[in-house]
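Here's the letter readout for the chains.
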Amino acid sequence: MELKLYDTLTKEKRAFVPLDPANVRMYVCGPTVYDFAHIGNARPVIVFDVLFRLLRHLYGQTHVTYVRNITDVDDKINDRAARDYPGLPLNEAIRKVTEQTGNQFHADVAALGCLPPTIEPRATEHIAEMRAIIERLIANGNAYVEQDHVLFSVATDPRYGNLARRSLDEMLAGARVDVAPYKRAPMDFVLWKPSKPGEPSWASPGGIKAEGRPGWHIECSAMSWNHLGERFDIHGGGIDLVFPHHENELAQSCCAFHTDRMANVWMHNGFLQVEGEKMSKSLGNFVTINELLKDWPGEVVRLNMLKTHYRSPIDWTVKGLEESAKVLDDWYATAGDIKGSVPASTVLDTLADDLNTAQTVAALHGLRHQAEKAGETGRAEFVASLRLLGFLAQTQSDWDARKQAASGVDAAQVSALIADRTAARARKDWKESDRIRDELAAMGVAIKDSKEGTTWEIAR
Ligand code: AMP
Ligand code: ZN
């Protein structure tokens, strides 16, 4: 089996060759912590968690470094802090917002079965590295100081536009670029800018006297450099980050370190829409992970995400969630409380093919059917395959109990009715037996008679 990954930069699916198999390095752009994360934000987190798990399986648990940052300096954070805590000094209010939102994000993604990344750096802890990169860019002639701003001069980087595959003219036409008096060319982007009074601020680079704060793109160049080096294996995020965010990161890092590549493979997940429409607050179809987890177990959300290949768009629907919930019921029923052995080769092969989780899910359906026939060995392989993908975090009985609780069915009442029905059948009172069956059905409970007795489950 050979791992192949699609690279957005070269537009090809290639065999993955790590720079150092003893330390495979991946950087994924993380959340800006100012509000609850939505289901679109969950997509890169789940997709790159599956890749992290696969890489750990292939290269060894301790041979993969996964960095996912937290952006804790941003205008949206400042606005939220001022709005929610008008009585507090802004910096204190900002700390509250980023702490609460960060904790919520961690709880949400843990419930989705995602492992914590190896390192989760915060932008505000890497200001020194940002300044260092900016100083290098100024010294190299790739950046200039103007009216207390530092700007990257895109004209100095002939590769600029290679990731987005657009010419400067196309980028200019497509992007909403701010025309600003401190810019020499409209596409030049901010590396550093002055802070407004009361806003977080740090000593500036480039000989600027006034304190200031970093632009967005420089954060990721600084954090990936600090934790993964000048060049690393995989850089990931959602497709909307290709331009301008990743194009700018690439330009900054390559020009600062004189390298021809920042990451060997650039990976981008497709976009998620809800019930056929772009998700937006104004349309009222904005779904947070937090809300979703009130109605659905995290594993259902996870499976629903992985049924689609990561590069394709997803239409997120309630119908899809219902189907995913049924599949997980079946998987849990077959898995029972069996210990896992090794993941099945079909599962590894489909994952190794540019993380084709849609095919992996199809393979799992096949494995389940086999497992039903093949007994313990087949089931142990099935279980190990599910665990590799981050499923089966619960025991089967916990899974069933949650389902029963969610259905509002009182298990003791069901048991009592089943006992009454068994007694009715023993005295050949078929009418009463059928009546109780109907009563249970009306409660949403399906029963099954076998030699061992009567079992029940929540009807679908
Ligand atoms: P943001 O906080 O907006 O920077 O987004 C965090 C991550 O979520 C980035 O990798 C985005 O590309 C990704 N993302 C945001 N919205 C969506 C969406 N609707 N579908 C898929 N990915 C998304
Ligand atoms: Zn980034």
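Residues numbered from 1 in each chain as written. Chains lettered and ligands numbered in written order. Predicted model: local features only at pLDDT ≥ 70, side-chain atom pairs only at ≥ 80, totals over all residues. Heavy atoms only, no water.

### Some thoughts on the overall build of the protein chain
A count of helices and strands for the protein chain gives 16 helices and 14 strands. Its C-alpha atoms give the protein chain principal-axis dimensions of about 95 × 55 × 40 Å. The buried share of the protein chain, taken over its 460 residues, is 50%. Considering only intrachain contacts with a sequence separation of at least 6, the fraction spanning at least 24 residues in the protein chain is 75%. For the protein chain, the accessible area works out to roughly 21,000 Å², and carbon and sulfur atoms hold 51% of it. Across the protein chain, the centroid of the 54 positively charged side chains sits 3 Å from that of the 63 negatively charged ones. (Helix = DSSP H or I, 4+ residues; strand = E, 2+ residues; numbered from the N terminus. Buried < 20%, exposed > 50% of the residue type's maximum accessible area, 1.4 Å probe, protein only. Contact = heavy atoms within 4.5 Å. Areas by Shrake-Rupley, 256 points an atom, 1.4 Å probe, with all protein chains shown as cover. Lys, Arg positive; Asp, Glu negative; His and termini not counted. Charge placed at Lys NZ, Arg CZ, Asp CG, Glu CD.)

### Remarks on the coordination of the zinc ion (ligand 2)
In the first shell of the zinc ion (ligand 2), the protein supplies Cys29 (SG), Cys220 (SG), His245 (NE2) and Glu249 (OE), at 2.0 to 2.4 Å from the metal. Around the zinc ion (ligand 2) sit four donor atoms; with metal-centred angles ranging over 74 to 127°, the donor geometry is irregular. Read in sequence order, the donor residues for the zinc ion (ligand 2) give the motif C-x190-C-x24-H-x3-E. Taken together, the residues Cys29 in the loop between strand E3 (24-28) and helix H1 (39-59) and Cys220 in helix H6 (residues 216-228) connect sequence positions 191 residues apart. (Donors = N, O, S within 2.8 Å, 3.2 Å for Na, K, Ca; no water. Tetrahedral: all angles 85-135°; square planar, octahedral: opposite > 155°, others 65-115°.)

### Topic: the site of ligand 1
Among the 13 residues in the neighbourhood of ligand 1, the closest are listed as Gly40, Asn41, Gly238, Asp240 and Leu272. One of the backbone N or O atoms of Leu272 is found 2.9 Å from a nitrogen atom in ligand 1. Protein contact buries 84% of the 480 Å² of open area that ligand 1 shows by itself. Elements represented by at least two residues in the shell around ligand 1 include exactly H1 and strand E9 (232-238). Looking at the shell around ligand 1 element by element, the count peaks at three residues for H1. Class assignment of the residues belonging to the shell around ligand 1 gives a composition of four nonpolar, eight polar and one charged. (Near = heavy atom within 4 Å. Polar contact = N/O pair within 3.5 Å; in protein donor to acceptor, adjacent residues only side chain to side chain. Nonpolar A, V, L, I, M, F, W, Y, C, P; charged D, E, K, R; others polar.)

### Side note on the pattern of salt bridges
This structure, assessed with the given rule, holds 24 salt bridges. For Asp75, the salt bridge identified is with Arg213, shortest N-O distance 2.6 Å. Here the residue Asp75 occupies a position in helix H2 (residues 75-84), and Arg213 occupies one in strand E8 (residues 212-214), the gap between them amounting to 138 residues. Note on Arg213: relative accessible area 4%, which makes it buried. (Salt bridge = Lys/Arg side-chain N within 4 Å of Asp/Glu carboxyl O.)

### What about the environment of Phe189?
Along the chain, Phe189 turns up in strand E7 (residues 189-194). Once residues within four sequence positions are removed from consideration, Phe189 is found in contact with Val150, Leu151, Phe152, Val154, Tyr160, His217, Asn248 and Gln252.

### Details of the packing of aromatic side chains
Evaluated as defined, the whole model comprises nine aromatic pairs. Between Phe16 and Tyr59, the aromatic rings sit 6.3 Å apart at their centres with planes inclined by 75°, giving edge-to-face as the arrangement. Taken together, the positions of Phe16 in the loop between strand E2 (12-15) and E3 and Tyr59 in helix H1 put the pair 43 residues apart, joining distant regions of the chain. Classification of Phe16 as buried rests on a relative accessible area of 8%. With a centroid separation of 4.3 Å and 10° between ring planes, the pair formed by Tyr332 and Trp399 is classed as stacked. With a gap of 67 residues between them, Tyr332 in helix H10 (residues 318-335) and Trp399 in helix H14 (residues 396-407) connect regions that are remote in the sequence. The exposure classification of Tyr332 matches that of Trp399, with both residues buried. Chaining the aromatic ring pairs together yields one cluster made of Phe152, Tyr160 and Phe189. The ring of Phe391 carries the charged tip of Arg302 above its face, separated from the ring centre by 5.9 Å. (Phe/Tyr/Trp six-rings, centres within 6.5 Å; stacked < 30°, edge-to-face > 60°. Lys NZ or Arg CZ within 6 Å of the ring centre and 35° of its normal.)

### Digging into the nonpolar core
Counting 70 residues, the largest nonpolar core has Met26, Ile39, Leu51, Leu55, Ile234, Trp316 and Trp331 as the members making the most contacts within it. Among the elements that take part in this core, H1 stands out by supplying 11 residues, more than any other. Apart from residues lying up to four places away in sequence, Ile234 is in contact with Leu5, Phe16, Arg25, Met26, Tyr27, Leu51, Leu55, Ala263, Val265 and Met267. Core analysis: the next-biggest nonpolar cluster, separate from the first, contains 42 residues, Cys29, Val67, Ala143 and Leu163 among them. (Core = buried A, V, L, I, M, F, W, Y, C linked by side-chain atoms within 4.5 Å.)

### Examining helix H15 (residues 411-426)
For H15, spanning 16 residues, the distance from its first C-alpha to its last is 22 Å, which sits close to the expected 22 Å at 1.5 Å a residue. Where H15 is concerned, the buried positions are Val414, Leu417, Ile418, Arg421 and Ala424. Axial view of H15: buried residues confined to an arc of 115°, hence all on one face. Every exposed residue of H15 that faces more than 90 degrees away from the buried side is listed here: Ala412 and Ala426. On its buried side, H15 packs onto helix H16 (430-442), strand E13 (445-450) and strand E14 (453-458). The N-capping residue of H15, defined by a side-chain oxygen 3.0 Å from the backbone nitrogen of Ala412, is Asp410. Downstream of H15 by one or two residues, Lys428 has phi in the positive range, about 60°. (Expected span 1.5 Å × (residues − 1). Arc of directions from axis to C-beta.)

### Focus: the sheet that holds strand E6 (residues 149-152)
Here four strands make up an open sheet; going across it, the order is E5-E6-E7-E8 and the pairing antiparallel. Bordering the open sheet on either side are strand E5 (143-146) and E8, each of which pairs with just one other strand. Sheet twist, expressed as the average angle between the axes of neighbouring strands with direction ignored, equals 20°. Looking at chain direction, E7 and E8 are connected through three bridges and run antiparallel. (Pairing = 2+ DSSP bridges. Axes fitted to C-alpha atoms, helices over the stretch in contact; angles between N-to-C directions.)

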